[in-house]
Amino acid sequence: MAAERELDRRPDPDALLALAGREGRGKLKVFLGAAPGVGKTYAMLAAAKRLKDDGGDVVIGLVETHGRAETAALLEGQEILPRKKIPYRGRELEEFDIDAALKRRPALIVVDELAHTNAPESRHPKRWQDVEELLDAAIDVWTALNIQHLESLADVVSRVTGVAVRETVPDSVLQNAQDVVLVDITPEELIQRLHEGKVYLPQMARRAVQNFFTPGNLTALRELALRSTADRVDDQMVAFLRQNAIEGPWETSDYLLACIGPDARADILVRTAGRMATKLNASWVVVHVERPGHEQTDPVRLKKIDDALQLAERLGAQTQRLSASDIVAEVLRYARRENVTQIVVGRSRAGWLRRRLGQSFSDEMVRRASDVAVQVITTPEREAPRAALRWRRPKLKGLFPGGIAALAAVAFAVAIGEMLSLVLKLPNLSMVFLLAVLGCAVSFGLWSAVAASLLSFLAYNFFFIPPLYTFTVASPQELLSLLVFLAVSVFTGTLAGRVHDQAEAVRQRAQNSESLYEFSRKLAGAAKLDDVLWAAAAYLRKIVGGGVVFLIPEEGDLRLRIAWPPDVELNEGEISAARWAFAKNEVAGWRTNTLPTLAKQFRPLVTPRGAVGVFGFEPMARGDAPTPEFERALTALLEQTALAVDRSLLIGEAVRAAALEDNERLRTTLLSSLSHDLRTPLATISGAISTLRQLRDRLPPKKSEELLASAEEETERLTRFIANLLDMSRIESGALKARRDYLDAADCIRNAVERGRRAFGAESIETSLAPDLPYIRGDAQLLEQVLFNLLDNAHKYGGGSKAIVHARREGAQAVITVTDDGPGIKPADLTRVFEKFYRGGKADGRKAGTGLGLSICKGLVEAMGGTIEAQSPAARRRGTRIVLRFPVAEMKKSLPP
Amino acid sequence: MKQRVLIVDDEEQILKFLATALEASDYAVISARTGREALHMIATAAPDLVILDLGLPDMDGKEVLVRARAFSNLPVIVLSARDREAEKIEALDLGANDYVEKPFKIGELLARLRVAARLAAHEQAKPAVFEADGLRVDLERRLVTRDGVPVKLTPKEFDLLAFLVHHAGRVATHRQILLNVWGPAHAQDMPYLRVFVGQLRAKIEAKPEQPKLILTEPGVGYRLWTED
């Protein structure tokens, strides 16, 4: 019955997935307190001790006892990980040793003070990142945290207590914790403990104590701690209900979008949106939109955006950088595509001009968002930047040619106007100036046009409106027409300038996509891995400005494959960042959460098969955050590169697989060849003998004799074959030692030829030996064997023709050749004939031979310090010539008399 | 009249001793050293039997077999140094009547030659009764007796035995048996066949654990023993 009910329930699959996702990871337990001194460490250690006493595999990773005897007593009998000593500016800092912890791999590790900031040069800037890595390695972690360090509450805490919170922990860490234990005492008790000296506070903080440990502050912090724990319990309840498929009213999942700009309010907006998202139990995204052609160049503002987006990520948001000339439309388009239910924007403080020309950003967002709720957040006036800043900042560089052009155009307009007024008596010359404004707008864009408008306004007034050569205006009509002119010129100039800017942006984009196309074409042209990487490196170094490197895994470890400039070496920190990037598929190094102090950043080359390598680069200016343009370009280029690298790796694998297959085929051929060579003589022997036994009476004596002769001959053949096999294995194992005697090559040749004539007939071999044949060093017996093998081959494959042996001196070498007049060897096989068991044709359908003759010759010749080579055709498109070369032995000129 | 045997092999020594042995056993011998020559002689010299080596200089012996089967039904015994089962099966499935593996004893080859010749002679008039080692199979009346005692077989067991009787003395490949007894749908069901052969042996063999009648050709098929 129970089982049946079990089956009837259908748990929410998403909830179960989340549970399964957690299973591979370690479990995190957080001991949460409202303030220092509530006894978090004590509670944590007491629990750890109980577990250890029960036989649990517990290790103390790092705990600060602050000299408190009660706490230190709890450490007795515990396994404590030694700390890592990091030298820093003459001092020695002690830090948690994460590598030692990963190596030890306990079931549970205790790491105190989650919000701690690690010493510089550590792998992660923050301890919570160390803890994340431990959890990823399936190690359970217990840790302690004060509520004030929670990222989303940091600003609330500093508002309430007046103490700035510098060390923060992302909310997601606490959200993903398996358990949260609230360690709580009342504010009165805590203050009493403080007075009794039971609360350790760092020296520096003592001054703040008076301000911090007030009953009001502590009550507020306590409430925050209690409330966030209660929220968590609530979440757990919901999760439990879902996993166990208990019916209930589920919140519709909201999706929040916060839109930030480059001002001081961005972080406040992000925190506010974060709190809203938490309350709504909604996911959220923070978006920043830039207008092409108006990219921020001011480092202060760039950092603001960067910081705000990083903050958002720490608070658990997704972030997105967009680019569009119409910001509102782009945000709405994104919101609709992603099913955003609420958009959060700050109230705009646009300048008057902006308000004249259009509406403020927030107003426009409210007006145009017909189907999405928009929340306009009012933020405190905190060093809010003047709108005027916005107008001055952008395009300082662009102002120079544009401004000079405006000046020149207006001066030109004045000159033309003066000339015209000499010739004609025109009532109004404003059109000439308007022309100058439009000219500036079309050639240099918006800013130049606005400058030209203002200059024209002044110049027109000064030169052409009575009283002349003053800035005063006499008649009210003239004043009116002057103002109208200003309005018209600003308006048309703005319009024309915007057109120009948009055209410029389009041109830029076209250029970008063209260069991307060019890049992918270059990559497509390269097939070998190194070619791909060099092509990519040559291009990428132009984009990033500094040095670039590519690391590719070889034999299980990342190796530096390509570097530009070529002498770049990676230090240990950089290599571990690269390994991290490769293993975790994340960006590491400069301006990331992993090893941010490095000069280089490392990005994985991601393909559908996983990471295939790592790209590292050194940015041109370390201080500047990468612009969205850069980010986009780099991402696109690296995607292309990753695919090209993947492709070249796959080609390499295919080639290797083909080689393996070839090898396999060779092995099969070799086996069947061996089997044929052994069986054929055996077949004759066994057949002849069985015939003799069975049919002896019916055979004439001559036939019996013939059968016996065949058996004998085949026995010899088998013996030769086996001897060859043994020779071969002797040569291969290095057991064969050739003597290095002084040899008369002519003698050896004559002996071998004599043997050959006995075996294959007197007419089968011709010789031609030069009279001045030198001495060589070697083994007479082996050389004779080589020559006999060559003659045997010439006889077998020479098609019945004569074999010719030549010998002569060529400089410091003695050259011996054996030439036949057979069909020859195909050019492709010329080197393969020396391979073991290689024979032309099929495995068993050819001349009786061992396939070892030439490879044995090669082994013997090389053992004597000579070389062997096959040439074909030898003459008149026929024949094979085997050429042996031996170094001439230097003999003493004469024997003593 | 002497039967004429064509020997196709490129090994001089083998040709020599085979010719000696076959002539001493009352066969007339002609020989060919290449596949082309062999095909020409099969077409023109009217041999009664062919002994075919698979490794020939100009073409594969299997190729010769395929081309010869296009115009001739004469018995072919494959002689080969290739010891892979796949090769034997392929040759048998391509229409070879039997095979002998090198090295071999002459008695074995002569016995196969006799079987092949007999089967060729009786191809039209199939024997109605098969007798060997106390087993008697009457194909027409579908009666099987062992030492005079009737043996009860299922229809499929009888079909299997009948197929082996038709091929008595030479090897029948697994595939040939499965195709003919069970049909094309079961051509690959080797384990099926093994079970049936086991059952059949239990009913007709004197000692089923040491079969004397249905002999296993490892990896290739089965052969029904004859008194030849």
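Everything below is about the structure printed above this text.
Residues numbered from 1 in each chain as written. Chains lettered and ligands numbered in written order. Predicted model: local features only at pLDDT ≥ 70, side-chain atom pairs only at ≥ 80, totals over all residues. Heavy atoms only, no water.

Topic: the overall build of chain A
When its secondary structure is counted, chain A shows 28 helices and 25 strands. Looking at chain A residue by residue over its 897 residues, the buried ones come to 43%. Pairs at least 24 apart in sequence give 68% of the contacts found in chain A among residues at least 6 apart. (Helix = DSSP H or I, 4+ residues; strand = E, 2+ residues; numbered from the N terminus. Buried < 20%, exposed > 50% of the residue type's maximum accessible area, 1.4 Å probe, protein only. Contact = heavy atoms within 4.5 Å.)

Overview of the sheet that holds strand S1 (residues 3–8) of chain B
All names here are of chain B. Taken together, 5 strands build an open sheet; the order of strands is S2-S1-S3-S4-S5 and the sheet is parallel. Two strands bound the open sheet, and with one partner strand each, they are strand S2 (27–32) and strand S5 (98–101). Going across the sheet, the axis of each strand differs from the next one's by a mean of 20°, ignoring polarity. Pairing between strand S4 (residues 76–80) and S5: 4 bridges, direction parallel. Of the residues in S5, the one forming a bridge with isoleucine 77 is aspartate 98. The strands touched by helix H1 (residues 12–24) within the sheet are S1, S2, strand S3 (49–53) and S4, with S2 carrying the most contacts at an inclination of about 160°. On top of the sheet, helix H3 (residues 61–69) reaches S3 and S4; it is set at about 150° to S3, its chief contact. (Pairing = 2+ DSSP bridges. Axes fitted to C-alpha atoms, helices over the stretch in contact; angles between N-to-C directions.)

A short note on the pairing of strand S14 (residues 545–554) of chain A
Residue and element names in this part refer to chain A. Pairing between S14 and strand S18 (residues 610–619): 5 bridges, direction antiparallel. By the bridge assignment for S18, glycine 545 is matched with proline 619. For S14 and strand S15 (residues 557–564), the ladder comprises 7 bridges, and the chain directions are antiparallel. Its bridge partner being in S15, valine 549 is matched across the sheet by alanine 563.

As for the environment of threonine 71 of chain A
With respect to the helices and strands, the residue threonine 71 of chain A is situated in helix H4 (residues 69–75). Once residues lying within four places of it in the same chain are set aside, the contact partners of threonine 71 of chain A are Thr41, Tyr42, Leu45 and Thr65 of chain A.

Focus on the interface of chain A and chain B
Each partner contributes to the interface: chain A provides 28 residues, whereas chain B provides 26 residues. Of the roughly 2300 Å² buried between chain A and chain B on both sides combined, carbon and sulfur atoms contribute 54%. When the shortest N-O distance is used, the salt bridge between glutamate 11 of chain B and arginine 717 of chain A registers 3.4 Å. The tally of links from chain A across to chain B stands at 9 residue pairs in polar contact (both at pLDDT 80 or more). (Buried area = accessible area lost by both parts, 1.4 Å probe. Salt bridge = Lys/Arg side-chain N within 4 Å of Asp/Glu carboxyl O. Polar contact = N/O pair within 3.5 Å; in protein donor to acceptor, adjacent residues only side chain to side chain.)

Some details on helix H20 (residues 446–464) of chain A
In this model, H20 of chain A (19 residues) spans 26 Å end to end at C-alpha, consistent with the 27 Å of a helix rising 1.5 Å per residue. Inspection of H20 of chain A places Leu446, Trp447, Ser448, Ala449, Ala452, Ser453, Ser456, Phe457, Ala459, Tyr460, Asn461 and Phe464 of chain A among the buried residues, and these make up the whole buried set. (Expected span 1.5 Å × (residues − 1).)

As for the environment of alanine 537 of chain A
Take alanine 537 of chain A: it is sitting in helix H22 (residues 529–544). Along the backbone, alanine 537 of chain A and phenylalanine 550 of chain A are 13 residues apart, and their C-alpha atoms lie at a distance of 7.9 Å.

A few points about the side chain of arginine 679 of chain A
Looking at the element boundaries, arginine 679 of chain A is found in helix H24 (residues 628–695). Here the side chain of arginine 679 of chain A touches glutamate 101 of chain B through a polar contact of 3.3 Å, side chain to side chain. There is a polar contact of 2.8 Å between the side chain of arginine 679 of chain A and the backbone oxygen of lysine 102 of chain B.

A few points about the packing of helix H25 (residues 701–733) of chain A against H1 of chain B
The interhelical angle for the contact between H25 of chain A and H1 of chain B, taken along N-to-C directions, is 150°, at an axis separation of 10 Å. Judged by the angle between their axes, H25 of chain A and H1 of chain B are roughly antiparallel. Considering only the axes of H25 of chain A and H1 of chain B, their crossing is left-handed. Two secondary-structure elements touch here, H25 of chain A through Lys703, Glu706, Leu707, Ser710, Glu713 and Glu714 of chain A and H1 of chain B through Gln13, Lys16, Phe17, Thr20 and Glu23 of chain B. Here the contact of H25 of chain A with H1 of chain B is built from residues that sort into 2 nonpolar, 3 polar and 6 charged. (Parallel < 35°, antiparallel > 145°, perpendicular 65-115°, else oblique. Left-handed = near helix turned anticlockwise from the far one by under 90°. Nonpolar A, V, L, I, M, F, W, Y, C, P; charged D, E, K, R; others polar.)

Focus on the sheet that holds strand S13 (residues 373–377) of chain A
Residue and element names in this part refer to chain A. Ordered by their spatial adjacency, 5 strands build an open sheet running S11-S10-S9-S12-S13, and the pairing between neighbours is parallel. Strand pairing shows two members of the sheet lacking a second neighbour, strand S11 (318–323) and S13, which therefore form its edges. Direction aside, neighbouring strands of the sheet carry axes that sit 25° apart on average. Of the strand pairs in this sheet, strand S9 (residues 255–260) and strand S12 (residues 342–346) are connected by 4 bridges, and their pairing is parallel. Note that in S12 the partner of cysteine 259 across the bridge is valine 345. Along the sheet, helix H12 (residues 266–280) makes contact with S9, strand S10 (283–290), S12 and S13, crossing S9 at roughly 175°. Strand contacts of helix H16 (residues 361–368): S9, S12 and S13, with the helix running at about 160° to S12, the strand carrying the most contacts.

Thoughts on a nonpolar patch on the surface
Residues and elements named next belong to chain A. On the surface, a cluster of nonpolar side chains totalling about 360 Å² of accessible area is made up of Leu422, Val423 and Leu424. Mapped onto the elements of the fold, valine 423 is located in helix H18 (residues 396–423). Judged by relative accessible area, valine 423 falls into the exposed class, the value being 70%. (Patch = residues over 30% accessible without salt bridge, like charges linked within 9 Å, V, L, I, M, F, W, Y side chains within 5 Å. Areas by Shrake-Rupley, 256 points an atom, 1.4 Å probe, with all protein chains shown as cover.)

Purely geometric numbers; function is a separate question.
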